[in-house]
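Spelled out, the chains give:
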Amino acid sequence: MKLTSKYKGITNVNSVTKVDKPWRAEINPHGGYVRQLGSFRTEEEAVDAYNEAAINLGAETHFFTRVEYV
């Protein structure tokens, strides 16, 4: 069972795998294949990786995930 984040492309798999880096990030730019971006300790780290990938792929206007850090 994957737990969905409130951010696009981010899921939490800790309930299944009990891993140290439960947050996973992936992006599907322009309807192409899904790119796995990695596993991260925090949701914010996963969002940062997603945003960096969106910018690098030139997809920030369609795929950019906005996050407010508290």
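Analysis parameters
Residues numbered from 1 in each chain as written. Predicted model: local features only at pLDDT ≥ 70, side-chain atom pairs only at ≥ 80, totals over all residues. Heavy atoms only, no water. Helix = DSSP H or I, 4+ residues; strand = E, 2+ residues; numbered from the N terminus. Buried < 20%, exposed > 50% of the residue type's maximum accessible area, 1.4 Å probe, protein only. Contact = heavy atoms within 4.5 Å. Polar contact = N/O pair within 3.5 Å; in protein donor to acceptor, adjacent residues only side chain to side chain. Pairing = 2+ DSSP bridges.

(A) The arrangement of the environment of R24 in detail. Assignment of secondary structure puts R24 in strand β3 (residues 23-27). A relative accessible area of 30% places R24 in the partly exposed class. Beyond its immediate chain neighbours, meaning those up to four positions away, R24 contacts G9, I10, T11, V13, V19, G38 and S39. At a separation of 2.7 Å, a polar atom in the side chain of R24 contacts the side chain of S39.

(B) Structural detail: the sheet that holds β3. Taken in spatial order, the 4 strands line up as β1-β2-β3-β4 in an open sheet, and their pairing is antiparallel. Each edge of the open sheet carries a strand with a single partner, namely β1 (3-4) and β4 (35-40). Of the pairings in the sheet, the one linking β3 to β4 comprises 5 bridges and is antiparallel in character. The partner of A25 across the bridge, within β4, is G38.

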